[in-house]
Amino acid sequence: MTTHGAKNASAVPVWMSRFLGPAQSAANCDIIEWHGMGFADTPASDAQCRIMIGMDSEAGADVRITRAAFEVLGPPVAIACADWLCEWLEHRTVGEAGDLSVTAIEKALEIAPSQRYAALLVIDALVKALADAQDK
Amino acid sequence: MSAGETLYFDHAATTPLAPGVLDVMQRVLAEQAGNPASDHAPGRAAAAEIDTAAGALAALVGGERRGVVWTSGATESINLALKGVAEFAGGDVHIVSVVTEHAATLDTLAWLQTQGARVTRLEVDADGRIDGAALDAALQDNATLVSIMHVNNETGVIQDIEAIGACCARHHVPLHVDAAQSLGRCAIDITAMNIALLSMSAHKIGGPKGIGALYVRRRSGAGRAAGPAIGLAGQIHGGGQQSGFRSGTLATHQIAGFGAAATYVTTNRETEQRRLAALRDALWRRIDGALDGVRRNGGAAVVAAPWLSISVAGVNGDALLKGLVEGAPALAVSSGAACSAAHGQSSYVLRAMGRSAAEAAATIRFSLGADSNDTRVNAAAHRFAAEVERLRALAGTLVAA
Amino acid sequence: MTIYFDHNATTPLHADVFKAMTPWLTSAHANASSLHRGGREARAAIETARHQIATLVGAHPSQLIFTGGGTEADNLALAGVAAATRRPGRMLISPIEHPAITDTADALVAAGWTIERVAVDTQGRVDIDDLERRLGAGDTALVSIMVANNETGVIQDMTAISAACRAAGAPLHTDAVQAIGKHGFDFASSGAACASLSAHKIQGPKGVGALIVDRKLAIDPIIHGGGHEQGLRSGSLNVAGIVGFGAAAERLQTHRPAEIAHMRDLRDKLEVGLDAMPGITRFSADVERLANTCQFSVAGYDGEGLLMLLDRDDIAVSSGSACAAGTGQPSPVLLAMGIDADTARGAIRVSLGPDNTLDEIQRFLLVLGRLAGSTGGLPGGLSASVLTG
């Protein structure tokens with residue numbers, strides 16, 4: 001029996017497991033002091049996100065992110081994006097982190113156009129976290 | 001997915017077939033395959049099955065066989081009731097209904113407005129009930145029909161149909177009751193309640209999907225005041241079956257299944273609803289005991305036995321629902337009506353009861369049924385509490401104080 | 001054991017179809033609109049069925065709207081197109097359409113629409129010249145002409161009909177309910193803007209049908225509430241019924257050629273037998289018909305009366321369509337073909353199925369021969385004494 005069209009109508013998104021079992025939440029994390037924290041929200045989608053980053057030194061673009069964690073109050077896709085982002089951030093330089101695009105997240109998690117806001121949300125929070133780390 | 005893996009608490013969305021129903025359907029499919037409108041032996045045998053089923057439904061609502069008009073489901077029944085009365089009445093049509101009705105009613109009323117009908121939508125209080133005085137006032141204004149759902153699909157709130165029916169009778173306005181969620185759960189007596197039209201759904205009472213009925217009051221009953229026959233114009237034409245109220249080949253196996261489910265539920269209704277009420281209350285106590293920031297929707301005294309609607313603070317509604325239904329063990333529940341879920345509509349029912357948008361968005365509906373028991377209720381409560389805590393932890397400092 | 005010769009009225013559910021339906025009547029009982037896993041699985045099953053049916057009829061799955069049956073699909077086509085227009089206009093139908101079309105058309109007349117019936121010849125074929133003339137006379141909101149007629153089995157020249165409609169810019173609806181199982185239908189090449197289907201005519205379950213709709217057609221729903229089926233047909237989906245419809249379509253795809261050949265063979269043998277009897281008039285005898293259908297009258301017999309006599313001999317046929325049974329009126333289809341009322345009133349229809357046998361045909365001819373032979377040239381109006389005999 002064929003199952004054409006079944007994929008579109010009913011598939012579980014590839015990011016569901018991240019939502020069900022995220023590894024990078026702040027709740028999971030022992031760190032209390034972070035080098036940078038950034039908050040963003042998308043009220044229309046009832047989504048809020050805070051990204052926290054820890055670094056290995058405080059000088060220039062070669063600084064590497066050692067640890068990242070998130071807090072999200074929002075829909076599943078937002079939690080999934082935040083979790084993916086924090087995992088991706090580990091060992092990246094600040095420069096690389098700043099260059100991360102929405103498209104990269106969309107591709108990695110196969111996000112539908114209607115859920116794009118979640119990728120924008122976490123990047124927005126990341127940019128603020130990086131700026132916060134710079135200021136310190 | 002085997003039955004053991006999912007905790008099914010979504011009986012308001014649909015129910016599994018009641019015991020014996022599948023056997024009846026199978027027998028009819030195999031042995032009564034004729035077209036019930038045909039004038040030969042196979043046709044007459046099929047027609048006899050349908051007559052039996054009509055009797056079962058009529059008994060369940062205190063009506064007569066010939067009042068039962070078969071449709072493809074409650075949605076179609078509601079369309080037939082509203083459009084059929086409007087068309088028959090002609091002229092200045094004024095329909096009185098409620099803001100918390102099912103989409104089948106609201107969308108049909110919206111369409112009737114484009115055709116020139118006037119619609120009054122009564123508000124509800126914090127408990128989800130309409131005000132009798134407001135109904136009375138609305139009926140002063142030349143009403144053609146009143147249309148009210150007996151039990152709300154999202155919250156389980158029960159409207160006082162007896163009082164509403166009496167009010168309609170005083171004003172000589174016919175009453176249509178959407179009984180899709182109340183049939184087999186609440187007692188229904190169309191004569192005592194002054195009901196002229198009653199919409200029914202099979203798959204909410206252990207019958208198959210794709211079949212429903214509209215009870216149409218055909219003539220004054222003897223004895224207690226019943227009311228005049230309701231004038232109704234058929235909406236699906238072609239062949240004149242069912243006295244012209246609804247044309248099309250009758251699906252014998254579906255109707256037989258509906259009848260078998262009606263018979264089953266007639267015997268068990270009261271004891272089953274008491275059992276479910278006790279389980280539902282236990283479910284609430286466990287959840288309320290395990291979590292802060294949870295609130296029950298609909299006054300406990302006026303919510304039908306199977307329903308528990310809970311609004312949860314500090315979580316995103318979509319995340320809560322997905323976490324419950326996609327995680328393990330899967331807890332099959334609903335947020336908002338099954339019908340509107342796919343379209344992302346927020347719960348207008350809860351907003352109408354005075355809940356904030358945030359509360360309305362983070363609401364889960366448990367609806368119990370035949371397979372609900374202590375073990376499953378405990379597991380469901382545990383799972384629900386665990387998921388709420390998980391999501392609140394993920395939100396960390398973002399959760400409003 | 002009844003000989004069932006009434007497959008155009010309905011067909012028995014195929015065992016394979018019931019097998020496909022069973023899981024959706026037992027453990028997999030979720031509402032297809034629900035967001036949990038069960039709902040997802042139900043949705044997937046529905047999309048599979050949609051694809052199976054679309055494949056059978058040469059349509060794209062997104063063109064398929066599930067309804068509660070063929071009658072509802074016909075209603076949706078006419079009333080839905082009417083609802084989408086700003087003001088009542090004109091529709092053309094054939095005079096031999098199913099009551100689901102003609103009765104809906106009558107209801108539209110009551111709402112201010114003009115419905116014209118295109119001429120048909122003595123065989124029941126639409127007069128293309130008349131169609132073109134009427135199309136040329138003004139705007140036409142919809143033309144509705146069935147591919148194959150349920151009573152006589154006559155098959156229309158859909159190529160010529162759709163060409164005429166296209167030339168005039170008039171959308172074409174066709175009731176393909178009878179054609180699918182006994183002839184074939186390809187929506188993509190039909191030129192139709194919408195087409196009606198029914199499951200229980202192809203060994204699927206009763207209570208489920210479909211309207212195939214081209215995206216370009218302006219059409220509104222006639223059942224509101226929740227916006228299912230792309231807003232064109234609201235209401236919780238009959239998962240098991242739809243799965244059954246899909247299974248019936250897939251089965252038919254494989255077996256249709258052999259089934260048509262078998263039915264045609266039996267039907268042709270039946271007609272040889274009929275033609276050898278006195279007083280038999282066959283309708284639409286000279287044109288292409290559905291492979292399984294033979295409608296005829298027996299001189300001196302009232303159709304209803306003959307039906308009852310055959311019924312007593314355990315043979316199930318029909319006089320005209322099932323819908324009109326017991327009304328005592330001559331078939332409008334035959335009247336439109338110019339058949340006189342008395343002859344028309346005498347019509348009975350044999351519609352075979354793939355499970356019928358030559359043995360059954362022979363038994364039927366024997367019984368009929370006995371009955372037809374016994375009239376021996378007696379005048380019409382014999383029916384009363386025949387019935388009490």
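Residues numbered from 1 in each chain as written. Chains lettered and ligands numbered in written order. Predicted model: local features only at pLDDT ≥ 70, side-chain atom pairs only at ≥ 80, totals over all residues.

Trainee: Account for the overall build of chain A, naming residues and giving values.
Mentor: Of the regular secondary structure elements, chain A holds six helices and three strands. When the helices and strands of chain A are placed in sequence order, the string is α-α-β-β-β-α-α-α-α. Expressed as a percentage of the 136 residues in chain A, the buried residues total 43%. Summarising the internal contacts of chain A: among those between residues at least 6 apart in sequence, 66% fall at separations of at least 24. (Helix = DSSP H or I, 4+ residues; strand = E, 2+ residues; numbered from the N terminus. Buried ≥ 20, exposed ≤ 12 C-beta atoms within 10 Å, placed from the backbone. Contact = placed C-beta atoms within 7 Å.)

Trainee: Now, about helix 9 (residues 239-275) of chain C: what can you tell me, with residues and values included?
Mentor: One full turn of an α-helix is made of 3.6 residues, so residues set three or four places apart face in the same direction. Spanning 37 residues, helix 9 of chain C covers only 47 Å between terminal C-alpha atoms, well under the ideal 54 Å at 1.5 Å per step. At C:His255, helix 9 of chain C is deflected by roughly 60°, the largest bend along its length, and proline C:Pro257 occurs up to four residues later in sequence. (Expected span 1.5 Å × (residues − 1). Bend = angle between axes of the 7 residues up to and from the residue.)

Trainee: Could you give me a rundown of the interface of chain C and chain B, with the residues and numbers involved?
Mentor: In this complex, chain C contributes 58 residues to the contact, which on the side of chain B involves 60 residues. Mapped by element, the contributors of at least two residues to the side of chain C that touches chain B are helix 2 (37-57), helix 3 (70-83), helix 4 (99-110), helix 9 and helix 10 (303-312) of chain C. Broken down by element, the side of chain C that touches chain B gets its largest block of residues, five residues, from helix 4 of chain C. Of the residues contributing to the side of chain C that touches chain B, the split by class is 21 nonpolar, 29 polar and eight charged. (Nonpolar A, V, L, I, M, F, W, Y, C, P; charged D, E, K, R; others polar.)

Trainee: Explain the domain arrangement of chain C to me, and be specific about the residues and the numbers.
Mentor: Residues and elements named next belong to chain C. The domain architecture assigned to chain C consists of domain 1 (3-8 + 256-372) and domain 2 (15-251). Distance from the C-alpha centre of domain 1 to the C-alpha centre of domain 2: 27 Å. Listed per partner, the contact involves 25 residues of domain 1 and 21 residues of domain 2. Mapped by element, the contributors of at least two residues to the side of domain 1 that touches domain 2 are helix 9, strand 10 (293-298) and helix 11 (332-336). Of the residues assigned to the side of domain 1 that touches domain 2, the class counts are eleven nonpolar, nine polar and five charged. (Domains from an automatic or database assignment.)

Trainee: Just give me the short version of the nonpolar core, but keep the residues and values in it.
Mentor: In terms of nonpolar packing, the biggest core is built from 296 residues, with A:Ile51, A:Cys81, A:Ala82, A:Val122, B:Leu57 and C:Ile212 touching the most fellow members. Top contributing element to this core by residue count: helix 9 of chain C, with 13 residues. (Core = buried A, V, L, I, M, F, W, Y, C linked by C-beta atoms within 7 Å.)

Trainee: Can you tell me about the confidence of the model for chain A, naming the residues and giving the values?
Mentor: Model confidence for chain A is summarised by a mean pLDDT of 89, while 89% of its residues fall at 70 or above. When the elements of chain A are averaged for pLDDT, helix 1 (residues 6-10) of chain A gives the smallest value, 45, and helix 3 (residues 76-89) of chain A the largest, 98. (pLDDT = per-residue confidence, 0-100.)

Trainee: Outline the interface of chain A and chain B, listing residues and values.
Mentor: Facing the 17 residues of chain A at the interface are 15 residues of chain B. Elements represented by at least two residues in the side of chain A that touches chain B include exactly helix 2 (16-20), strand 2 (47-55), strand 3 (65-73) and helix 3 of chain A. Looking at the side of chain A that touches chain B residue by residue, the class counts come to eleven nonpolar, three polar and three charged.

Trainee: Go over unusual backbone geometry, please, and point to the residues and values.
Mentor: Residues and elements named next belong to chain B. Looking along the chain, the bond that leaves Ala328 and enters Pro329 is cis, with omega of -5°. Its location among the elements puts Pro329 in the loop between helix 8 (317-326) and strand 11 (330-332). For Ser243, which is not glycine, the phi dihedral falls at a positive 55°. If you trace the backbone, Ser243 turns up in the loop between strand 8 (212-216) and helix 7 (252-290).

Trainee: How would you summarise the sheet that holds strand 2 of chain A if you had to cite specific residues and measurements?
Mentor: Residue and element names in this part refer to chain A. Spatially, the three strands line up as an open sheet ordered 1-2-3, and their pairing is antiparallel. The open sheet terminates on both sides in strands that have one partner only, identified here as strand 1 (36-42) and strand 3. Direction aside, neighbouring strands of the sheet carry axes that sit 15° apart on average. (Pairing = 2+ DSSP bridges. Axes fitted to C-alpha atoms, helices over the stretch in contact; angles between N-to-C directions.)

Trainee: Help me get a handle on the environment of B:Asp292, residues and values and all.
Mentor: Residues and elements named next belong to chain B. With respect to the helices, strands and loops of the structure, Asp292 is situated in the loop between helix 7 and strand 9 (294-297). For Asp292, a count of 10 C-beta atoms within 10 Å corresponds to the exposed category. Counting along the chain gives 21 residues from Asp292 to Ala313, while the straight-line C-alpha distance between them is 8.3 Å.

Trainee: Would you mind going over helix 6 (residues 161-170) of chain B in detail, with residue names and values included?
Mentor: Residue and element names in this part refer to chain B. Those residues of helix 6 that fall on the buried side of the exposure criterion are Ile161, Ile164, Gly165, Cys167 and Cys168. Across the axial projection of helix 6, the buried residues extend over an arc of 160°, all falling on one side. Along its buried surface, helix 6 packs onto helix 5 (132-138), strand 5 (145-149) and strand 6 (175-178). The first or second residue beyond helix 6 is His172, which carries a positive phi of 55°. (Arc of directions from axis to C-beta.)

Trainee: Give me the pairing of strand 5 of chain B: which residues, what numbers.
Mentor: Every regular strand shows the same layout, with side chains that alternate between the two sheet faces. Residues and elements named next belong to chain B. Among the five residues that make up strand 5, five are buried, leaving the element largely enclosed by the rest of the structure. Burial along strand 5 is two-sided: Leu145, Ser147 and Met149 and Val146 and Ile148, pointing in opposite directions, are all buried. Across two bridges, strand 3 (residues 94-98) lies against strand 5 in parallel orientation. Looking at the pairing, Val96 lines up with Val146 of strand 5. Bridge analysis of strand 5 against strand 6 gives four bridges, and the strand direction is parallel. Bridged to Ser147 within strand 6 is His176.

Trainee: Describe the confidence of the model for chain C, with residues and values.
Mentor: Residue and element names in this part refer to chain C. In the predicted model, chain C carries a mean pLDDT of 93, and 94% of its residues have values of at least 70. Segment residues 375-389: pLDDT under 50, and 16 contacts once partners within four positions in sequence are set aside and those in other chains are kept. In the predicted complex, the global pTM is 0.93; the interface-specific ipTM is 0.93.

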